[in-house]
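Residue-level structure breakdown
The residues making up each chain are set out below.
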Amino acid sequence: MRLLILLGAIAAGVWSQVPAGCRSKLDIVFLLDASYSEGSENFKKQVQFVENFVNQFNVGPDAAQFSAVTFATSVHNVFYLNTYSTVSGVVSGIQKISYRPGATYTDKALSYAQTVSFQPQHGGRPDAEKIVIVLTDGQSSSHANTLTQAQALHASGAEVIAVGIGNSVSNSELEAIASDSSHVFQVQDFDLLNTIQNQLTNAACQQAALHCQSAVADIVFAVDSSSSITYTDFSKQTLFIKNLVRQYNVGSNETQFSVVSFASRVHPEFSLNKYPSKTQVVGALSSIRHHLGSTHTEDALNYIANNSFSSSNGGRPGVDQWVIVLTDGESTTPTETAAAADRLHKMGIKVISIGIGKGANQAELEAIATDPQHVYRVDDYDALHSLMMNIETTTCGYNACHGNKADIMFLLDSSASEGATNFQHQLEFVQNFTDKFDIGPDAVQIGLATFSTKPHGYFWLNTYQNKTDLVNATGYVPYLPGSTFTDLGLQFALNESFTTAHGARDASVPKILVVLTDGQSTDPPATAVMADQLHRAGIKVITIGIGQNVHKSELTVIATDRNHVFTATDFKSLSTLQTDLQLETCRNEKPNTECGDKPADIVFVLDASGSEGVENFKKELNFTAEFIKGFQVGPQHVQFGLVTFSNYGRSEFYFNTYKDLQSILHKLETIHYSGGSTHTESGLSSAKFQFYSHHGARPNAQKIAIVLTDGQSYSTSRTIQKANDLKGIGVKVISVGIGSSVSQTELNGIATDLQHVFNVTDFNALNSIQYEIKTAACAVPNPPVISPECGSGLSDIVFLLDSSGSETRLNFQKMLTFVQDFTRQFDIGPKNAQIGVATFSSDVHERIKLNKYSDKTALLAAISGIPYDAGATYTDEGLQYARTYAFLPSHGGRANASRIVIVMTDGQSMNHANTQREATALKSQPNMKVIAIGIGSGVNTQELNSIASDPQHVFTVANFDVLNKLNSELTFTSCQTCGFIQTADIIFAVDSSGSEGPVNFQKQLDFVQTFVRDLPVGPNNVQFSVLSFGSTVQNNFYLNQFSDKRPILDAIQQTDNVGGSTQTGEALQYIREHNILSANGARSNSSLFVIVLTDGASTDKAATLTQANLLKATGATVVAVGVGSGVDKAELNSIASDPNHVFNAQNFDALQTLKEDVKKAACDGINTTMVAVPSTTPIVLGDYSNARGTLIGALFANLGISTRELSKDKEMDLRTHYSCWLSKPLPLDLPFGRLLCFEKTRGCSDNSLERQIRDIFKVLVPLLKNQSTTIITPLLSTGNQHSDEITVLQSIVTGAISWIQAGLPLKKLKIVLYEDNNKELNSKFAKLKQTHLKSQRKRQAVKEYDIFLMHQPTDATIVSSLKQNLLAKNDKLSIYYDPSKFDQKGVWQQEIFDLMMGSKRIVPVLTPNFVKSDECLEMFNMAICCTRRKGKDFLVPLYFETIQIIPVSISLVQFLDCRVRKEGDTPALKMESVCTRLMLTETEGGESNVSQADDNVNHDVFISYAHKDPKQAQLLLDEFEKQYPDMEVFFDRQDLKVGGMWQKGLYYSLDTVKCVVALVSPSYLSSVVCQEEFNIAMYRSQNKADNLLLIPVCIEDIPSVPCLYGQHRLVDFRGNQYSELIPSLVKDVASWVKANKRPKYCSNTASKVALFDFKRMSEIRKKEVYDSYNIRTNSVERKSSFSVPPLNQSENHVVVSVSQNDLSLATSLLYQLEKKSPDIQTSLIVDRTGTDLKCLQTSQKIVVFLSNQYLESPHHLEELFISIIRQRNERGRKVLYLCQASQLADKPSFAHLLPIDINLGDPFWNGMFTESTKTVKLSLRDLQGSFTYRSQDFAAMTKLADDILLEIAGLTQAKPSPIIENGIQENSAVPLELSQCLVKMTDTPQSFDNSRLPRTAEESNDPNKEQAPVPLQSSARQEDAKPDREHAPVTSPNDPPQEDTKSKDPDTAPKLTTSPNDPPQEDTKSKDPDTAPELTTSPNNPPQESESIPPVSDHSPSKDARTRSEKKSSSCNIL
């Protein structure tokens, strides 16, 4: 009992006193809910809470008074305000409160409080604040009455606080009861009431804002009530005034308020002395009416002048008098309004005017206000709250600068561009600024320094300690002109100005640097670096840019943030910034006081558990206090909340509790340490409450939570779940672990990402991470402002983005955001900047071509959609892509544009040597600039330097979060380019004659520096030389003297000012005889420029002319720049190369304005002297004019088809490889669907007829794929090209028949004649047709070969090596490798075709040369036809060199990878390896059918692993082979063969094995295919008859384990023990396989909870039917009907795959689909040959009818697997619908786990109908007549048809289930901690807690209770499900381990796609080019051509439409 009393004392002691500033006179009435829903126990807790609350106050007639009222069905007053006059008396009264339950009539309680509680006879006092606190746990019984009574209570002058308890309260009702949303509080239950006691106390105390607590003022509001204001806006206006009033102490000796409203007349609402308390004023504001009328502002102002401040109305002499005018428009009589305002001004009354919206007149607002500083404007009434702080500080007499300490340093630009006069203006500005401050050691200290070429310090912070001396000293600072080395000035300020020795005070005194400059710095990157160091040092930096030459982007980089940037139009305008600068300097206590670019709400969540101790908890609070001190606190800036947690979470204060820094710091000193357990999850849950609006959270603010803890939470899983809840509402969560007892896994799970996780060794080290935490919290990307001229230039910019595995998906997204921010700064389009993007990892993916988008919005959207690949870091291949493809004309490259490559990477490349070589090759390309950005600590700086053009183009950042800091620098670097300049030698000749003077001479040097700064410097880039001339010539430095930019900039400043006469001719002679010599650096292959700057005529004009001509004769381009009026323009023309290279500046200050013009002239010179030769011939657009007499003209004249317009917007541009392009679909009323248009684009001289015809058939192979199609063609070359018609006809027919016989799926070829009636052609065609119908071409006897090597002749070296290696392994091999057999004059290569058909293997050698060869591409297409003809998988491509864009036909076939990919690989090793593998494929049975997997081998063991873990899997396989070589182990890298059906191989092998070993890791859990393997294994392991042993092996730490894995304890193989334990594992597996002996650590799962609850699934399907349909006699009818909108008939909507046995079901489905949607296009696949599969790739929906017959058919099985792949790749969209037509056999197992939509075996279908059959009349395309169906079958198809149509119509959006389900409901299966699931090999597993798993229907507590339909999901989250398992090139088992290029998880196996905006790519899983030609190759194939091939369908428009079309083209005759 004594212990309980002690605890009670401690609890009560937490709230021992009310906060400072609390009003003394408070009348507080508690209204306590006593309804039935509370219960007596909770009611007691409520009463105890009231008692604790009261104990904080002093009670008495002059202090606080309390009353208590309970309410339920009726109201019971417990005691009145004057019943008790002491605390003890009130407490005794509270303890007597009895519980009288009933209904919840809250309205009666509110009415009682208004009418009774505050009456004088009951203790109500007129000068006391009236407070009502309502506590309730539910909604009122009469909602409407409650709202009415609440409004009446508000109007009576009571402040109402509403407290909701539990989940049954109504938020809207609470907000209606309370005075406003900030007076609403909520807790989850009664036990947590104490957690809001502090906040409730603050709300009741009516505290004023800290800076207004002592304010004494009379304030009158003049409120616009005219008709232009809506009722809602008028309410917002009064709410603003209420909130403003709350910031003051109200009373006769404090602040008084009055309100006057005005419209057509004036309405005095209440006078200054009307209400003596704050709550009464607020209540009166609630009663103000909206009067309506016109805007007579003048009447209101006159009334106020005459009445409001009179003594009778409460006006007091000697106090501040204010009028605050709010209006949304111009007054009715502006002149009278101005006069009335002037009266107020003359009376000494200060006036603030607030204009709201666009209608307010700025001039009138300024006339009303005392001065312009008292004028405020907001966009709308919602924004009024943003003015709160301004109005408060103004009216409360708050001086932000007064009494503050600050160390302020001025840094003044003294460069030559300023001039002495302007420099003096700067000094005057500093003097005026100084005059506003108290100067001294206990006040403000000011120092001053200047910078130009060097910095100069003139006085330190502590040099002058009084204002007079400081002002005088400022006036004597000298002007020292020079260059603009801003970086050196910043460095000086950092290292010298703010040292202790020079007067800087401790950290509590703000350090402020004010930088004034009139131009851009000489070295912007160095300036940015120094600015960042200043920011990190905690120095607030303010920048002031003066004049037109400043760069806003650089000012922003230098300043603390964009709010600290100011600009003035010129030096004289500096004075206008005085007030703003003073306020900005004084306002914030610390630099960097904002959080990013918008307000922030930051909550600290502090561990207060027992492990911390009191002292360490105080250190947490100190850390919090120091952190908060770094921000400006307030409703418009940063708000803070605080939560502590131990046994439970407690909100110490909310965002709206304290509105200033001092109040928060005071509160932190009173927070008590609680001790207890570490319930972090409770702390996070309380943190979520902080972000409710009634706690002050703002919708426009950043949401941030910072969690500090020293240990692991009580429940990791719940903690991570609560953290996810917090993150789910948009909160950025930062976790800080203190000490060694924290759980890193938990910290990672709490934080938003790993970049937001921090660790310190102990509590003392917390302050060391202040800066990092602030950066993590507030790092919001701010795209910088750049100069307009930068973003509008002609630039081709290509980003190469590292997408490797080390990046992570989140960081890759940050990189995309950076690219978007960069892009926003440019004008995008063909005449401006173009931006392309490619990613690189294991392969290169071209995501966006340069010319893909000419619209910025579309480009930004495309960037955001770029997918993340993962994989290795092959930077070299990315650079190779940039060099060979990115800038091709076909990709948008422009010859006259700047070419820029920006490489972004977070690590080192896999092959440094190759990367360096490719970088060198890229930089050697004409016109190229390369920028390298390294992110994080893993980059190789040396490699970055080798990639970039020069060191100035290398940037590094610490992590991805601070990438945005680079944006300004990168933009600047990208923009500073000279056209497409790459190599140039530039020599400056600078006039230094006596007429110039030192100042002007310096301005010339500054001008020269701009060139150096803007161009890439180096031996392979631009070189510079500078000399000066006067009476003599002084050479400063030669071209080859400096190879780096910085030394050149320094050297320019050392140029001699010679003086004397102007010997221009001698300067030109000196240049010719010395500077342009090769010994002095001039390069023969480089452009040469001489730029002459002079201010007058030369001394010897004849000599000058002679020397100029001699110099120009050497090939130099000479630019002449004259300055001032003394120049001789004729002489300038004679010096320059031509008049376009002559420039004039008015004076030396205007020189900078010529910079771009002179630079452009230089660039244009380069353009005329350097020729850029692209790597391939550019693609030229054909001539598509509608000329008469041409086919193009006829198409336009007869059918209205403009080929020119179609060519501008192609469906696919295939010209790179196929010399043609395909149009987009044509209108349906035309006789054909698309145009295939051929161009000669590849620069080939062969333009023969045969070549043109071969081109047609070459492209048809990849274009048609397996879809039988009709083609219409004219007779080629017979029009204007005059080829012989008979010859052309014979060639086309011969070629077509040959290709069709070879396997080309050409349904029909229609040949169109130009003339109507040509008997000769018709006769010839008839003979040709008859000839080919009578006899098939006989195959000639040709020699048969083992291997047919297909290659391009230039790859002869590779082929020779390959041949030698093969023959070395088998000298009897016959190999064909002669490419000369190709007949250039033939339209069909019969001899080559016969050779291929006679070979056992066709082996193409894939290289870039191969794909550039028309002949090779044609032969490859023939090889595909051979494969189709033979039905054998004998095409084995060898991939030797990376191909950036792979033709579509090649992408259809799996390959063997022979590339040298990483360190350690050599060409010899790769050749040996691939030959070994090729020999295996040759001997493995080359006659195997393509469509068959290898079903002959029954495996014993299946190794299931993620392809990110190949080494572990290989070690396990090696151990099996070592110990048990006779055991058959399935390992996909060696058992899935090229061309095979890999899914069938996996699934069927899982059905035969006796044991599955699953290597579980994070990668395994994230792989969709791995989860499918595990689910199948789990299914078999639960089937006693299968007797499968499943052994999950944990090989890495896992944050949390899916519940499914709890069925099998994970065997612990983590870390180094993996290799040690493998031998024992293999022995245990063998014991099971051979002797059925189960390892002791493996439990028998057959008896565990059934995961695969098929009965539950059936019940879910049943509920769906009965919920949605009414049951009729023999059918079902949908309860809610729907209509399908018209569909596009050119699309294929539904394809049905069905066996012959279930055809009736399919016809029923098709009948109902076409009945409900006549437009729907359907296809039916029934027992076909397996070749017509294209529709499975293109159809919107696929329906598969599963049965045993279906699964036994190889063709149907292939259709099913293709459909499964399609569904996987579609991810979030349901494509595949599965109908189980009959009971399935036990095998294959996977079929039982498919997500069945309709199961006709479900028992509920039987007996559903009274009639057993349903007869309908069908009228389908191929089926007509009356048909009878079983009623249940027809009803099931009704449901299926409706589901499909609802999806197609967009009326529903079904989420697809996983392909292989496990039956666990994600929302009911709680993830497990890893420690719960691990077992050692030496352990016996303990029983598993099955309560975590969902129960079957039989196991449910209530077997009759119907289960809610829950989507069945696998343990892999659906959003993580990626496209299919993608296989690597097949390698020899003896090969060294390959990196994981074939990933089950596509996150790690990048698909080689192109831009996400290109047409959809075919699926990536084809192993068989014959049976699955729609599927692309493995992920290791190079990128495909930038387009996928859509079907060229044989359009079948309506008969009428076709007839109309044929009439239009009647002049054409179709043979």
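Anything mentioned here points back to the structure above.
Residues numbered from 1 in each chain as written. Predicted model: local features only at pLDDT ≥ 70, side-chain atom pairs only at ≥ 80, totals over all residues. Heavy atoms only, no water.

1. Quick notes on the overall build of the protein
Looking only at helices and strands, the protein has 63 helices and 62 strands in total. In the protein, the share of contacts with a sequence separation of at least 24, taken over all contacts with a separation of at least 6, comes to 78%. Counting only carbon and sulfur atoms, one obtains 48% of the accessible surface of the protein, whose full area is about 75,100 Å². (Helix = DSSP H or I, 4+ residues; strand = E, 2+ residues; numbered from the N terminus. Contact = heavy atoms within 4.5 Å. Areas by Shrake-Rupley, 256 points an atom, 1.4 Å probe, with all protein chains shown as cover.)

2. Details of the nonpolar core
Counting residues in hydrophobic clusters, the biggest one holds 54 residues, and the most contacted among them are Tyr1605, Leu1610, Leu1746 and Leu1760. With 7 residues, helix H54 (residues 1568-1581) is the largest single contributor of residues to this core. Setting aside anything within four residues of it in sequence, one finds leucine 1746 in contact with Leu1751, Leu1760, Leu1778, Cys1779, Gln1780, Ala1781, Ser1782, Leu1784, Leu1794 and Ile1796. In terms of nonpolar packing, the next biggest core, distinct from the first, is built from 40 residues, Phe627, Phe640, Tyr658 and Ala776 among them. (Core = buried A, V, L, I, M, F, W, Y, C linked by side-chain atoms within 4.5 Å. Buried < 20%, exposed > 50% of the residue type's maximum accessible area, 1.4 Å probe, protein only.)

3. Some words on helix H5 (residues 143-155)
Here H5 contains 13 residues, and its C-alpha end-to-end distance of 19 Å stays within 8% of the 18 Å for a straight helix at 1.5 Å per residue. Looking at the packing, one finds that the buried side of H5 touches helix H4 (106-117), strand E4 (129-136), strand E5 (158-165), helix H6 (171-177) and helix H9 (278-286). Downstream of H5 by one or two residues, glycine 157 has phi in the positive range, about 100°. (Expected span 1.5 Å × (residues − 1).)

4. What about the pairing of strand E42 (residues 1347-1350)?
The side-chain alternation of E42 yields two buried faces, one formed by Ile1347 and Leu1349 and the other by Phe1348 and Met1350. In this structure, E42 lies alongside strand E43 (residues 1375-1376), joined through 2 bridges in parallel fashion. Pairing of phenylalanine 1348 across the sheet is with tyrosine 1376, part of E43. This β-α-β element, E42 to helix H45 (residues 1356-1369) to E43, shows right-handed connectivity. For E42 and strand E44 (residues 1401-1406), the ladder comprises 4 bridges, and the chain directions are parallel. (Pairing = 2+ DSSP bridges. Right-handed = clockwise from strand over helix to strand, strands pointing away.)

5. As for the sheet that holds strand E36 (residues 1142-1145)
Pairing is mixed in the open sheet, where 6 strands are placed in the order E33-E32-E31-E34-E35-E36. In the strand order of this sheet, the two ends are held by strand E33 (1033-1037) and E36, each with one partner. Direction aside, the axes of adjacent strands within the sheet are offset by 20° on average. Inspection of the sheet shows strand E34 (residues 1087-1094) paired to strand E35 (residues 1117-1123) by 6 bridges, in the parallel sense. Within the sheet, the bridge partner assigned to isoleucine 1091 lies in E35 and is valine 1119. Where helix H34 (residues 1045-1052) meets the sheet, its contacts fall on strand E32 (1022-1029) and E33, and the angle it forms with E33 comes to roughly 155°. With respect to the sheet, helix H35 (residues 1064-1075) is in contact with strand E31 (984-991), E32, E33 and E34, its orientation differing from that of E32 by roughly 145°. (Axes fitted to C-alpha atoms, helices over the stretch in contact; angles between N-to-C directions.)

6. Concerning the environment of aspartate 532
Mapped onto the elements, aspartate 532 comes out in helix H17 (residues 524-536). The exposure class assigned to aspartate 532 is partly exposed, which follows from its relative accessible area of 21%. Sequence separation between aspartate 532 and isoleucine 558 is 26 residues, and the spatial gap between their C-alpha atoms is 7.5 Å.

7. Considerations on the side chain of glutamine 445
Tracing the chain through its elements places glutamine 445 in strand E14 (residues 444-451). For glutamine 445, a relative accessible area of 4% corresponds to the buried category. In terms of polar contacts, glutamine 445 uses its side chain to reach the side chain of aspartate 407, at 3.1 Å. In this structure the side chain of glutamine 445 is engaged in a polar contact, spanning 2.9 Å, whose partner is the backbone oxygen of glycine 503. (Polar contact = N/O pair within 3.5 Å; in protein donor to acceptor, adjacent residues only side chain to side chain.)

8. Regarding unusual backbone geometry
The linkage connecting lysine 1787 with the following residue, proline 1788, adopts the cis geometry, with an omega of 0°. In this fold, proline 1788 is placed in the loop between strand E57 (1776-1780) and strand E58 (1798-1799). Unusually for a residue other than glycine, asparagine 1636 sits at a positive phi of about 60°. Examined against the element boundaries, asparagine 1636 turns out to sit in the loop between helix H55 (1617-1635) and helix H56 (1654-1668).

9. So, the environment of lysine 350
As for its placement among the helices and strands, lysine 350 is situated in strand E11 (residues 350-356). With a relative accessible area of 35%, lysine 350 lands in the partly exposed category. A C-alpha to C-alpha distance of 4.9 Å links lysine 350 and tryptophan 322, two positions 28 residues apart in sequence.

10. Let's talk about the side chain of arginine 505
Following the sequence through the fold, arginine 505 ends up in the loop between helix H16 (486-497) and strand E16 (511-517). For arginine 505, a relative accessible area of 18% gives the class buried. Aside from chain neighbours lying at most four places away, what touches arginine 505 is Lys405, Ala406, Asp407, Gly440, Pro441, Asp442, Ala443, Val444, Gln445 and Lys511.

11. Focus on H55
The end-to-end C-alpha distance of H55, which contains 19 residues, comes to 27 Å, matching closely the 27 Å that a straight helix rising 1.5 Å per residue would cover. Residues of H55 that are buried: Tyr1618, Ile1622, Leu1625, Val1626, Val1629, Ala1630, Trp1632 and Val1633. Asparagine 1636, located one to two residues past H55, shows a positive phi value of around 60°.

12. Regarding the packing of helix H10 (residues 297-308) against helix H11 (residues 334-346)
The geometry of H10 relative to H11 is characterised by a closest axis approach of 8 Å and an angle of 20° between their N-to-C directions. Classified by the angle their axes make, H10 and H11 are roughly parallel. The two elements H10 and H11 cross, and the hand of that crossing is left-handed. Taking contact as the criterion, the partners of Thr297, Glu298, Leu301, Asn302, Ile304, Ala305 and Asn306 in H10 are, on H11, Glu336, Thr337, Ala340, Ala341, Arg343 and Leu344. Class assignment for the residues of the contact of H10 with H11 results in 6 nonpolar, 4 polar and 3 charged. (Parallel < 35°, antiparallel > 145°, perpendicular 65-115°, else oblique. Left-handed = near helix turned anticlockwise from the far one by under 90°. Nonpolar A, V, L, I, M, F, W, Y, C, P; charged D, E, K, R; others polar.)

13. Brief notes about the state of the cysteines
The final tally for this structure, using the stated rule, is 0 disulfides. Free cysteine: cysteine 1642, not disulfide-bonded; nearest cysteine sulfur from cysteine 1555 at 7.7 Å. (Disulfide = S-S within 2.5 Å.)

14. Regarding the pattern of salt bridges
Taken as a whole and judged by the stated rule, the model has 39 salt bridges. Residue aspartate 1612 pairs with lysine 1880 through a salt bridge whose shortest N-O separation is 2.9 Å. One end of the pair, aspartate 1612, is in strand E51 (residues 1610-1612); the other, lysine 1880, is in the loop between strand E61 (1878-1879) and helix H63 (1999-2008), with 268 residues separating them in the sequence. Given the relative accessible area of 37%, lysine 1880 is considered partly exposed. (Salt bridge = Lys/Arg side-chain N within 4 Å of Asp/Glu carboxyl O.)

15. Side note on the packing of helix H8 (residues 231-245) against helix H13 (residues 388-395)
In contact at an axis separation of 11 Å, H8 and H13 are set at 50° when each is read in the N-to-C sense. The angle between H8 and H13 falls in the class oblique. Crossing hand, H8 versus H13: right-handed. Mapping the contact onto sequence places Phe240, Asn243 and Leu244 in H8 and Met388, Ile391 and Glu392 in H13. A breakdown of the residues in the contact of H8 with H13 according to their chemical character gives 4 nonpolar, 1 polar and 1 charged.

16. Examining the sheet that holds strand E7 (residues 217-224)
Sheet architecture is open: 6 strands sit in the order E9-E8-E7-E10-E11-E12, paired in mixed fashion. Each edge of the open sheet is held by one strand with a lone partner, namely strand E9 (266-270) and strand E12 (375-378). In this sheet, adjacent strand axes meet at a mean angle of 20° when their direction is disregarded. Summarising the sheet, strand E8 (residues 256-262) and E9 pair through 4 bridges and their orientation is antiparallel. Residue phenylalanine 262 lies in a different strand from E9, and its bridge partner there is valine 266.

17. Observations concerning the environment of aspartate 180
Structurally, aspartate 180 is set in the loop between H6 and strand E6 (184-187). Owing to a relative accessible area of 10%, aspartate 180 belongs among the buried residues under this scheme. A distance of 2.6 Å separates a polar atom in the side chain of aspartate 180 from a polar atom in the side chain of arginine 246.

18. Points about the packing of aromatic side chains
Inspection of the entire model under this criterion finds 40 aromatic pairs. When the ring of phenylalanine 1037 is compared with that of phenylalanine 1042, the centres are 5.3 Å apart and the planes differ by 75°; the resulting orientation is edge-to-face. Of the aromatic side chains, those joined through ring pairs into one cluster are Phe604, Phe623, Phe627, Phe631 and Phe640. Taking NZ or CZ as reference, lysine 108 lies 4.4 Å from the ring centre of tyrosine 105, over its face. Above the plane of the ring of phenylalanine 118 lies lysine 130, whose end atom (NZ or CZ) is 5.2 Å from the centre. (Phe/Tyr/Trp six-rings, centres within 6.5 Å; stacked < 30°, edge-to-face > 60°. Lys NZ or Arg CZ within 6 Å of the ring centre and 35° of its normal.)

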